[in-house]
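Structural overview
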Amino acid sequence: MCGIIGYIGNQQALPILLQGLRDLEYRGYDSAGIAVMDNGKLQRVRAVGKIDNLARKIKNDDYPGTLGISHTRWATHGGVTEENAHPHFAMNGKLALVHNGIIENYRELKEKLKGVKFNSETDSEVLAHFIGSYYTGDLVAAVRAALSLVCGTYGLLAVHTDHPDEMVAARLGSPLVLGIGENEYYAASDVTPMLAYTKRVTFLDDGEIAEIKRDSVRISNLHDQAIKKSVQEISWNKQQAEKQGFEHFTLKEIFDQPVVFEDAIRGRIDMPAGTAKLGGLDLSEDQMRQISRIVIVACGTAFNAGMVGKYAFERLAGIPTEVDVSSEFSYRDPIIDDHTLVFAISQSGETADTLMALREAKRKGAVVRGIVNSVGSTIAREVGAGTYIHAGPELAVASTKAFTNMVAILLLYAIQFGRLHNTSLATGQRLLKALLEIPQKINQVLKQVEQIKIKAQKYSKYKNFFYLGRGVNYPVALEGSLKLKELSYIHSEAYPGGEMKHGPGALISKDFAVLGIVTKNQLYDKMKSNIAEAVTRGARVIIVATEGDKVASEIADDVIFVPKTMELLEPLLNTIPLQLFAYYAAVELGTDVDRPRNLAKSVTVE
Ligand code: M6R
């Protein structure tokens, strides 16, 4: 949701900003703009729609200058128009601002700006003028003074023509990271647009302001007290954030899974002790034994991964576990005590709903830990401890490889807790050995890509789907169904197989497609019966079944086979064909696969 990239250094800013905006496209946006400073003048270009529209407006040698700010906008206040796109100007074009977040008291601030002519409907333009109203020759002082009266959230960059050697950044609630080069700095919403230039970054925290020069940066708070920040090395590289010959990021990220799964479990297995070693938990064995309840808070795909965690924690460790949609958790008076362990799961680490939930859990005294992909993200930093899932940059809006790696980490945690409770050494070791076989088994599923594609093309004509699964495959059904919805826009719902006869079954007719997960586990016979009911009512049925299972394949119209693994690990394999199925259905229907309509990758508002 909205993206910012700014540059100050000795290179031409425009190409860096334009490429940076392309790198930020994955966050979701509807318009974009750039402002570059040269010879005491700010030049601006903005366009509605894709970055290509913006690029078309720029001719060779246009917009010279080595200081610039730019923005991709996801409309909140005001429609999708060029006037509403950032950067916004104030002080007759001397001050430019890009802003992510929402200025809640912008009407009140606007009232104070008597006589100012506004050119847009945005809260951000009000903020630009409000900063301008405090300007008396010191840009950072003006930003500080204005922000101390602002209610809301912001990640912002401001520049002023009186200060050709300065860019000001500030953050409250919307992420901002500084990239450090040789006599140059980058400032962006996340690390993606700076991966090609530097790995050295500093994450701004809430309430911090950075005064960035070409060769130095001073970070302070709203009271102008200097803050010493650490510099971190990012392990992600530019290549990981490229399509690498795949048609879409979605497909590339599905195919990343065997490799990034290994990254997730590497160094985290203690085979002789039949357990996992996840130092990020930061609890002694005694403290772990004191945990009497686990609560998982997450949204979307991360929630579905959390559901797999519930089955694993309860089965292996006997610890009651509940999974809550983050936005519900924060507002339902959850019962929490200091024996409750709360896991906040998030790919982006910036999801506002999950951030609110973890803050609520902390306030109530829970032990809170993160399971996060984006290194240095807000959730990762706020929880203070936790585990990175090491999925690498995930740029397609629909989450794929993050799901698999979230499940991997949850399983490792469940084994670790399990070994302190009910799980025997032998079971621990069997689970770990089975985990080590997963990458090769994912590869076996990926090899069937052509067959899955043909099936997806065939089924893409259906307007309605039920995804059915039981036990640990119920979350797989939820995740498969979510993928189909967001990628292809086909209506789809997921249910536990046993629920059909309690209502939803009324919908089934010959116009319905049912996708069932019928792998060989303790609920296999029950799941077969649920599928048989759908067949009897005329639905077109496709199932995911265990390799070599002739019986299951006879009850369905179509089958996708997956290799056998231990039941708790099945989601790691069974989800893969569903990702491919949704992807190829979407390609067949011609949707914008990597950037589905109405969705953003990083949902930074509640
Ligand atoms: O970054 P997060 O994991 O916190 O994001 C949570 C959801 O917004 C995300 O999983 C969303 O549901 C994806 N579009 C699913 O593919």
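Treat the numbers as computed from the prediction; the structure is a model and nothing was measured. (Residues numbered from 1 in each chain as written. Predicted model: local features only at pLDDT ≥ 70, side-chain atom pairs only at ≥ 80, totals over all residues. Heavy atoms only, no water.)

What to know about the side chain of arginine 73
Worth spelling out the cut-off: Strands here are runs of E lasting at least two residues and helices are runs of H or I lasting at least four, both read from the DSSP assignment and numbered beginning at the N terminus. Each residue's exposure class comes from its accessible area (1.4 Å probe, protein chains only) as a fraction of the maximum for that residue type: buried when under 20%, exposed when over 50%, partly exposed otherwise. None of His or the chain ends enter the tally, which takes Lys and Arg as positive and Asp and Glu as negative. Think of a salt bridge as a Lys or Arg side-chain nitrogen and an Asp or Glu carboxyl oxygen that are within 4 Å of each other. Two N or O atoms count as a polar contact when they lie within 3.5 Å, although within protein this holds only if one can serve as hydrogen donor and the other as acceptor, and sequence-adjacent residues are included solely when both atoms are side-chain atoms. The contact definition used throughout considers only heavy atoms, calling two residues in contact when any of these lie within 4.5 Å.
Within the secondary structure, arginine 73 sits in strand β4 (residues 67–73). No salt bridge is formed by the buried arginine 73; its nearest oppositely charged neighbour, aspartate 30, is found at 4.5 Å. At a separation of 3.3 Å, a polar atom in the side chain of arginine 73 contacts the main-chain carbonyl oxygen of asparagine 84. Discounting chain neighbours no more than four positions away, the residues touching arginine 73 are Cys2, Tyr29, Asp30, Ser31, Gly78, Gly79, Val80, Thr81, Asn84, Ala85, His86 and Thr122.

Let's talk about unusual backbone geometry
Trans is the common state for peptide bonds, and a negative phi is the common state for residues other than glycine. The amide bond that connects histidine 86 to the next residue, proline 87, takes the cis arrangement and shows omega of 0°. For proline 87, the position within the fold is in the loop between β4 and β5 (88–90). The residue aspartate 282 is not glycine, and still its phi comes out positive at about 55°. Of note, aspartate 282 is situated in the loop between β16 (275–276) and α8 (285–290).

Quick notes on the domain arrangement of the chain
By a widespread convention, an interface's size corresponds to the accessible area lost as its parts come together. In plain terms, the rule: Note that the domain bounds reflect an automated or database-derived domain assignment. The quantity reported as buried area is the accessible area (1.4 Å probe) lost by two parts once they are put together, taken as the sum for both. The nonpolar class holds Ala, Val, Leu, Ile, Met, Phe, Trp, Tyr, Cys and Pro. Asp, Glu, Lys and Arg form the charged class, and all remaining residues, Gly among them, are polar.
You can read the domains of the chain as domain 1 (2–239), domain 2 (243–442) and domain 3 (448–606). Taken residue by residue, the interface counts 11 residues in domain 1 and 14 residues in domain 2. Interface of domain 1 and domain 2: buried area, both sides summed, is about 1,100 Å²; carbon and sulfur atoms make up 57% of it. Its largest share of buried area at the contact with domain 2, domain 1 owes to Tyr26, Phe203 and Trp236, together 48% of the area lost on that side. Counting every contact that joins domain 1 to domain 2 gives 1 salt bridge. Here aspartate 205 and arginine 381 are joined by a salt bridge, their closest N and O atoms 2.3 Å apart. Summed over the shared surface of domain 1 and domain 2, the result is 3 residue pairs in polar contact (both at pLDDT 80 or more). Residues of the side of domain 1 that touches domain 2, tallied by class, amount to 5 nonpolar, 3 polar and 3 charged.

Some points on the site of the ligand
Operational definition: The near set for a molecule or strand comprises every residue that places at least one heavy atom within 4 Å of it.
Taken together, 14 residues surround the ligand, and among them Ser346, Gln347, Ser348, Thr351 and Glu486 come closest. Measuring from an oxygen atom of the ligand, one finds a backbone N or O atom of threonine 301 at 3.1 Å. Lysine 483 places a polar side-chain atom, nitrogen or oxygen, 3.1 Å from an oxygen atom of the ligand. For the shell around the ligand, the elements supplying multiple residues, two or more each, are α9 (300–317) and α16 (474–488). Here the residues of the shell around the ligand are counted per class, giving 5 nonpolar, 7 polar and 2 charged. When we break the shell around the ligand down by domain, the ones giving at least three residues each are domain 2 (243–442) and domain 3 (448–606).

Regarding the sheet that holds strand β13 (residues 217–221)
Put simply, the rule reads: Think of it this way: DSSP has to see at least two bridges between two strands before they count as a pair. Angular values range over 0 to 180 degrees, each being the angle between N-to-C directions of two axes fitted as lines to C-alpha atoms, with helices fitted over their stretch in contact.
In space, the 6 strands of this open sheet follow the order β5-β6-β7-β8-β12-β13, with antiparallel pairing throughout. For this open sheet the edge positions go to β5 and β13, each flanked by a neighbour on one side alone. In this sheet, neighbouring strand axes are inclined to one another by 20° on average, regardless of whether the strands run parallel or antiparallel. The sheet strands contacting helix α4 (residues 123–133) are β5, β6 (95–100) and β7 (154–160), and the helix crosses β6 at an angle near 135°. Sheet strands in contact with helix α5 (residues 139–147) are β6, β7, β8 (167–172), β12 (208–212) and β13, and its direction is about 145° off that of β7.

A closer look at the environment of methionine 288
For methionine 288, the position within the fold is in helix α8. The exposure class of methionine 288 is buried, given its relative accessible area of 3%. C-alpha of methionine 288 to C-alpha of leucine 420: the two residues are 132 residues apart in sequence and 8.0 Å apart in space. What methionine 288 contacts, discounting residues up to four positions off in sequence, is Leu281, Leu283, Gln416, Phe417, Leu420 and His421.

Overview of the environment of glycine 101
Here glycine 101 shows up in the loop between β6 and α3 (106–112). Residues glycine 101 and leucine 176 lie 75 residues apart in sequence; the distance between their C-alpha atoms is 11 Å. Setting aside residues no more than four positions away along its own chain, glycine 101 makes contact with Asp123, Thr153 and Ser174.

Let's talk about the sheet that holds strand β25 (residues 540–546)
With parallel pairing, the 5 strands of this open sheet are ordered in space as β23-β22-β24-β25-β26. Each edge of the open sheet carries a strand with a single partner, namely β23 (491–496) and β26 (558–562). Averaged over all pairs of adjacent strands, the angle between strand axes in this sheet comes to 20°, irrespective of strand direction. Examined bridge by bridge, strand β22 (residues 464–469) and β23 share 6 bridges and lie parallel to one another. Following the sheet pairing, phenylalanine 466 is matched in β23 by glutamate 493. Along the sheet, helix α17 (residues 524–536) contacts β22, β24 (512–518) and β25; its crossing angle with β24, the most-contacted strand, is approximately 170°.

Comments concerning the pairing of strand β11 (residues 200–203)
The pairing of strand β9 (residues 177–180) with β11 spans 3 bridges and is antiparallel. Pairing of leucine 178 across the sheet is with threonine 202, part of β11.

Focus on the packing of aromatic side chains
Quick reminder of the rule: Note on aromatic contacts: the rings of Phe and Tyr and the six-membered ring of Trp form a pair at centre separations within 6.5 Å, being stacked when their planes are under 30 degrees apart, edge-to-face when over 60 apart, and tilted otherwise. Two conditions define a charge sitting above a ring: the NZ of Lys or the CZ of Arg must be within 6 Å of the ring centre, and it must be within 35 degrees of the ring normal.
Per the stated rule, a full pass over the model turns up 15 aromatic pairs. A ring pair is formed by tyrosine 459 and tyrosine 462, whose centres lie 5.9 Å apart and whose planes are at 35°; its orientation type is tilted. Residue tyrosine 459 is classed as buried on the basis of its relative accessible area of 1%. A network of ring pairs unites the aromatic residues Tyr459, Tyr462, Phe465, Tyr467 and Phe581 as a single cluster. The positively charged end of lysine 110 is found above the aromatic ring belonging to phenylalanine 118, 4.8 Å away from the centroid. One cation-aromatic arrangement involves arginine 597 over tyrosine 489; the distance from NZ or CZ to the ring centre is 3.8 Å.

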